Structure formats: C-alpha cells, structure tokens
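As a plain string of letters, each chain reads:
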Amino acid sequence: CEDVFAAGEEIPELLEQLRTSTERVSRLRFAPRVLSSFDREVKRFLDRTRTGIRRLDRAKFTTTGFQARFTEAEQQLKDCRASATAALAAIDPELFEDTMRSCFEILSEGREIEELTGALANARAFLTGRMTATLQKATRIIRDLERQKKDASEVKQFADALRSQRDDALAGIRAGQLQR
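So, here's what we can say about the structure. (Residues numbered from 1 in each chain as written. Predicted model: local features only at pLDDT ≥ 70, side-chain atom pairs only at ≥ 80, totals over all residues. Heavy atoms only, no water.)

1. Considering the environment of L88
Here is step 1 of the chain: Tracing the chain through its elements places L88 in helix α3 (residues 64–89).
Here is step 2 of the chain: Between the C-alpha atom of L88 and that of P32, which follows or precedes it by 56 residues, the distance is 8.9 Å. (Helix = DSSP H or I, 4+ residues; strand = E, 2+ residues; numbered from the N terminus.)

Have a look at this one:
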C-alpha cells in the first residue's frame, strides 16, 4: 500500500517533467527547417563572395584583406553551425535559438564582404566601360575636327584629363581605397 501511495505522489512530478520535455521538443520542431534555410543562405553567401573575390583577382585588385575577412567569416559560420547542431542534439531550445540568432548575425556581417566586392567590381566596370566610351567619343570628335582642320586642343585636354582621372581612380580602387 505504501508503494502505491509513494507512486501516486510521484505522478504529478512525472507529469510536470513530461509536459516540460514535450514543450522543449515542440519548440524545436522547426529547427531542421531553420538549419536548412541557414545552410542555403550560407552556401549562397560563400559562392557569391568567392566569385566576387575571383573577379577582383582577375582584374588585378588587392584582395588579401577581403580574403582574410572571408576566411574568418567562413570559419565562424562553420563553428556556429556546429554549435547549433549540438544545441539541437541536447534538446535545448533556448541555446538553439540564441545560437541561430548569432549565426544569422555573423552571416549578416559577412554579407558586407560580398557587398564590398560587388561595389568594387561595379565601380571598375563603370570606370572602364563608361569612361572608355566617353574617351572613344572624344577621340572621334578630335579626329573629325582635325579632318576639318579646326582646333581640337580643348577636346584633347578634356580627353587627357579624363584618362588621367580614370587611371587614378582605377589605381585607387585596385588598392582598396574605395570612398563612400
């Protein structure tokens, strides 16, 4: 009779433990989706950033700073992913949520590298594309003026100044001196 009475006293405590455990597990039911979404975002970030750095390398930019920041971000993301998996295995929803929040913050900071490489590539494309087109037009105008035996000195000065500015800007961008 005492055993039945003792077991009856333990039932509310066991039910409370069961309710708490069920609640913890139910909070983690979307964790696999969150992890797969995070993995997709990380893969997209890594691919785009690697591509951007390769493009800058081909254009003879100084990319050592970007490469170092990228490698650091990549390692932090791997460590964060491992921590999130460990929190999931430990069935700790608070730790999992905090870890995933910090993982997405690291990813957000890493996207800055992606944006900067894109900005540098776009600035280079603008300078080489638009300014080259303008210089070609200026060359045509100079040629036409010379054929007509008119003074083309002002247009030549403009073209020389534009070439000089383009070359200085490209050198600055390649050295990583992009101004906002």
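Still to come is the rest of the account.
2. Here we look at the nonpolar core
Here is step 1 of the chain: Within the largest apolar cluster, 38 residues are counted, with the highest numbers of intra-cluster contacts made by F38, F66, L77, F96 and M100.
Here is step 2 of the chain: Among the elements that take part in this core, helix α4 (residues 93–147) stands out by supplying 16 residues, more than any other. (Core = buried A, V, L, I, M, F, W, Y, C linked by side-chain atoms within 4.5 Å. Buried < 20%, exposed > 50% of the residue type's maximum accessible area, 1.4 Å probe, protein only.)

3. Digging into the state of the cysteines
Disulfides are covalent bonds that link the sulfur atoms of two cysteine residues.
Here is step 1 of the chain: Enumeration according to the criterion identifies 1 disulfide in this entry.
Here is step 2 of the chain: Residue pairing for C80: its cysteine sulfur links by disulfide to C103, the two sulfurs lying 1.8 Å apart. Linking C80 and C103, the disulfide has an S-S dihedral of approximately -110° and is accordingly described as left-handed. Placement of the pair is C80 in helix α3 and C103 in helix α4, with a sequence separation of 23 residues.
Here is step 3 of the chain: Taking the relative accessible area as the measure of exposure, C80 reaches 7% and is therefore buried. (Disulfide = S-S within 2.5 Å.)

4. Some remarks on a positive patch on the surface
Here is step 1 of the chain: Taken together, the side chains of R130, K137, R140, R143 and R147 define a basic patch exposed on the protein surface.
Here is step 2 of the chain: Take R130: it is sitting in helix α4. (Patch = residues over 30% accessible without salt bridge, like charges linked within 9 Å, V, L, I, M, F, W, Y side chains within 5 Å. Areas by Shrake-Rupley, 256 points an atom, 1.4 Å probe, with all protein chains shown as cover. Salt bridge = Lys/Arg side-chain N within 4 Å of Asp/Glu carboxyl O. Lys, Arg positive; Asp, Glu negative; His and termini not counted. Charge placed at Lys NZ, Arg CZ, Asp CG, Glu CD.)

5. As for the pattern of salt bridges
Side-chain pairs of opposite charge can arise where the charged atoms are in close proximity.
Here is step 1 of the chain: This structure, assessed with the given rule, holds 12 salt bridges.
Here is step 2 of the chain: In this structure, the salt-bridge partner of E114 is R48, at a minimum N-O distance of 3.8 Å. Taken together, the residues E114 in helix α4 and R48 in helix α2 (residues 31–58) connect sequence positions 66 residues apart.
Here is step 3 of the chain: E114 gets classed as buried once you look at its relative accessible area, which sits at 15%.
Here is step 4 of the chain: Classification of R48 by relative accessible area gives partly exposed; the value is 47%.

6. Quick look at the side chain of E74
Here is step 1 of the chain: Relative to the helices and strands, E74 is located in helix α3.
Here is step 2 of the chain: Apart from residues no more than four positions distant in its own chain, E74 is found in contact with L46 and R50. (Contact = heavy atoms within 4.5 Å.)

7. As for the packing of α2 against α4
For any two helices packed against each other, the geometry is given by the interaxial angle and the distance between the axes.
Here is step 1 of the chain: Relative to each other, α2 and α4 sit at 20°, their axes nearing to 9 Å. Between α2 and α4, the interaxial angle falls into the category roughly parallel. Crossing of α2 against α4: the hand is left-handed.
Here is step 2 of the chain: For the contact of α2 with α4, a count of residues per class yields 16 nonpolar, 4 polar and 5 charged. (Axes fitted to C-alpha atoms, helices over the stretch in contact; angles between N-to-C directions. Parallel < 35°, antiparallel > 145°, perpendicular 65-115°, else oblique. Left-handed = near helix turned anticlockwise from the far one by under 90°. Nonpolar A, V, L, I, M, F, W, Y, C, P; charged D, E, K, R; others polar.)

8. A word on the environment of T139
Here is step 1 of the chain: Within the fold, T139 resides in helix α4.
Here is step 2 of the chain: Taking the relative accessible area as the measure of exposure, T139 reaches 40% and is therefore partly exposed.
Here is step 3 of the chain: Each C-alpha atom, one on T139 and one on V155, is 8.4 Å from the other, the two residues being 16 residues apart in sequence.

9. A short note on the packing of aromatic side chains
Here is step 1 of the chain: In this structure the tally under the stated criterion is 2 aromatic pairs.
Here is step 2 of the chain: Consider the rings of F38 and F104, whose centres lie 5.2 Å apart with planes at 80°: the pair is edge-to-face. With F38 in helix α2 and F104 in helix α4, the pair connects residues that are 66 residues apart, well separated along the chain.
Here is step 3 of the chain: A relative accessible area of 1% places F38 in the buried class.
Here is step 4 of the chain: Overall, the relative accessible area of 33% leaves F104 in the partly exposed class.
Here is step 5 of the chain: The interplanar angle of 50° and the centroid separation of 6.1 Å between the aromatic rings of F45 and F70 together place this pair among those described as tilted. Of this pair, F45 sits in helix α2 while F70 sits in helix α3; the two residues are 25 residues apart in sequence, bridging distant segments of the chain.
Here is step 6 of the chain: Exposure remark for F45: the relative accessible area of 0% places this residue in the buried category.
Here is step 7 of the chain: By relative accessible area, F70 is classed as buried at 3%. (Phe/Tyr/Trp six-rings, centres within 6.5 Å; stacked < 30°, edge-to-face > 60°.)

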